[in-house]
Amino acid sequence: MAEVKKLGVIGAGLMGNGIAHVAALAGIPVTLVDINQAALDKAVQTIGKNLDRQASKGSIPAGAKEEALARIATGTDYALFAECDLVIEAATENEEIKKKIFASLCPQLRPDALVASNTSSIPITRLGAATDRPGRFVGMHFFNPVPMMKLVEVIRGLATEDATVATVTALAERMGKTVVAAADYPAFVVNRILCPMLNEAIFALMEGVGDVRAIDAGMKLGANHPMGPLELSDFVGLDTLYSVLKVLHEGLGDPKYRPCPLLAKYVEAGWLGRKSGKGFYDYSTTPPTPTR
């Protein structure tokens, strides 16, 4: 098992900046790459604000913010990954985009470097087969928000070597995460169970079983969930939820995973949840107002 002494992260969005945050806080030098310099600048600002929040709560020691930020380098060129031991891809949940990224990435890496995908649903065996190193390719699925959520799913593809799994498991634990091993089936463990529940809540809304407030209050008060399913769908991102459900439906061939038509309409409208300002709730008001 090799130790990850230098980490690369592809994608400066919510997941990518969260992974860079926890890695840098754990003492690991990180190279964060995105095609958009503005996204990188925003990511560094976000990491700084989140570190400030942790410091104000006393969850990180004095000086930890400055030390962590000093460990993060950013850029737009995959050549910056030349000395990385592991690169984690945290781009949008689109298989073709991910495969294009790997095609550009792999020629820039050392032959012994590992590659991980933060995909929440796409088969690891299939993604790994699109690279020049399927034995050194693995799924490493973090959860949003990364600094707060303790879980990482580690998913072994058919060709993934034992040493690869051991290395990323040790890295996740060094980052303060708890690892669960997931088999390489569509959506793995958490989303295989969670996303159909969220989809069923949207069907209930579409069919008039209850309105947004009734469905969310019912699950919070009746099932003791910290967040209602429609509120959680907005938090996850309705486009992400839709993508995961399509992977489940296509990969398993079972009609119970069919994405709700109402979910598809919201995605078509650009109502993607919190990140777009509107989903099952309108976030331009305080408190947010149900849109249906």
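Cut-offs applied
- Note that residues are indexed from 1 along each chain, following the sequence as it is written.
- Local features in this predicted model are restricted to residues whose pLDDT is 70 or higher, and side-chain atom pairs enter the listing and the counts only when it is 80 or higher, whereas totals over whole chains, interfaces and linings include all residues.
- Just so you know, side-chain values use all the structure's heavy atoms and leave hydrogens and water out.
- What counts as a salt bridge is simple: a side-chain nitrogen of Lys or Arg found within 4 Å of a carboxyl oxygen of Asp or Glu.
- A helix here means a DSSP run of H or I that spans at least four residues, while a strand means a run of E at least two residues long, and both kinds are numbered starting from the N terminus.
- Relative accessibility under 20% of the residue-type maximum defines a buried residue, over 50% an exposed one, and the middle range a partly exposed one, all with a 1.4 Å probe and only protein chains included.
- Multiplying 1.5 Å by the residue count of a helix minus one yields the expected span of that helix.
- Between two residues, a contact is recorded if the distance between any of their heavy atoms is within 4.5 Å.
- Only buried residues count toward a nonpolar core, which is a set of Ala, Val, Leu, Ile, Met, Phe, Trp, Tyr and Cys residues joined through side-chain atoms within 4.5 Å.

(A) Expanded view of the pattern of salt bridges. For the coordinates displayed, the defined rule picks out 13 salt bridges. One salt bridge in this structure joins arginine 126 and glutamate 95, with 2.8 Å as the shortest N-O distance. With arginine 126 in helix H5 (residues 124–129) and glutamate 95 in helix H4 (residues 95–105), this residue pair connects regions lying 31 residues apart in the sequence. Under the relative-accessibility criterion, glutamate 95 is labelled buried at 17%. Look at the salt bridges and you will find they share partners, linking Asp85, Arg110 and Asp112 into a network.

(B) Inspection of helix H2 (residues 37–56) at higher detail. Its 20 residues place the ends of H2 29 Å apart at the C-alpha level, agreeing with the 28 Å of an ideal helix rising 1.5 Å per residue. On its buried side, H2 packs onto helix H1 (14–25), strand E2 (30–33), helix H3 (64–70) and strand E3 (72–75). One or two positions beyond H2, positive phi appears at glycine 58, with a value near 75°.

(C) Region of the structure containing the nonpolar core. By size, the foremost hydrophobic cluster in this structure holds 37 residues, and its most contacted members are Leu7, Leu86, Met140 and Phe142. Ranked by residues supplied to this core, first place goes to H1 with six residues. Look past the residues within four positions of phenylalanine 142 in its chain and what remains in contact with it is Met15, Ile19, Ile88, Asn118, Leu151, Val152, Met175 and Lys177.

(D) Seen up close, helix H9 (residues 229–236). When H9 is considered as a whole, its buried residues turn out to be Pro229, Leu230, Leu232, Ser233 and Asp234. Buried residues along H9 sit in contact with helix H7 (190–206), helix H8 (212–222), helix H10 (238–252) and strand E9 (281–282). Among the residues trailing H9, glycine 237 stands out with phi positive, at a value near 105°.

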